[in-house]
Amino acid sequence: MSRNKLLLVLLGTSLLAGCAADYLNNYDTMTLASGDSQKANQLLQTVDPYNPVSNNTKIEGDGARSVGAVQRYRIPPPPPPTTNMTVNVGPNTQ
């Protein structure tokens, strides 16, 4: 095969390979959201999907109780008391 024919074959295959790369990007698979179209349409047509209480910005709370909870998380608890007790397990072989 001459050099010109080899270059022509390589040029032709590279042009066809460029078209195949775009074709491979289009594949037929199912997404995780398939089958949710009815639920999505229902949510789109809902007049007010939020809980009416969600607009309440005044949240009741006890300040002293909140401070106590924060302090419990900041300060580690004291270690448990140590005991000076010896425990022997097994037969006494002296």
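For every chain, the first residue of the written sequence is number 1, and numbering continues from 1 along that sequence. Local features are withheld for residues below a pLDDT of 70 in this predicted model, meaning they are given only at 70 or higher, and side-chain atom pairs are given and counted only at 80 or more; totals for whole chains, interfaces and linings count all residues. Calculation of side-chain values draws on the structure's entire complement of heavy atoms; hydrogens and water are dropped beforehand.

(A) Geometry of the overall build of the chain. Where helices and strands are cited, they refer to DSSP runs of H or I of at least four residues and of E of at least two residues respectively, numbered from the N terminus. Across its full length, the chain carries 3 helices and 0 strands. Reading the secondary structure of the chain in the N-to-C direction produces α-α-α. Working definition: with a 1.4 Å probe on protein chains only, accessible area under 20% of the residue-type maximum means buried, over 50% means exposed, and in between means partly exposed. Burial statistics for the chain: of 94 residues in total, 0% are counted as buried. Note that accessible areas follow from Shrake-Rupley with a 1.4 Å probe, and for residues the cover is restricted to the protein chains shown. Here the chain displays about 10,200 Å² of accessible surface, and carbon together with sulfur accounts for 59% of that area.

(B) Spotlight on the pattern of salt bridges. Throughout this description, the term salt bridge denotes a Lys or Arg side-chain nitrogen within 4 Å of a carboxyl oxygen of Asp or Glu. Summed over the entire model, instances satisfying the criterion amount to 1 salt bridge. With a shortest N-O distance of 3.5 Å, Glu60 and Lys58 are connected by a salt bridge.

(C) Here's a closer look at a nonpolar patch on the surface. On the surface, Leu6, Leu7 and Leu10 cluster together to form a nonpolar patch covering roughly 290 Å² of accessible area. Positionally, Leu10 belongs in helix H1 (residues 3-24). Residues form patches when they are more than 30% accessible in relative terms and have no salt bridge. Like charges link within 9 Å. Nonpolar side chains (Val, Leu, Ile, Met, Phe, Trp, Tyr) link within 5 Å.

(D) Fine view of the confidence of the model for the chain. Per-residue pLDDT for the chain averages 79, and the proportion of residues at 70 or more is 84%. The least confident element of the chain is H1, whose mean pLDDT is 76; the most confident is helix H3 (residues 63-74), at 89. Per-residue confidence from the predictor is reported as pLDDT, which spans 0 to 100.

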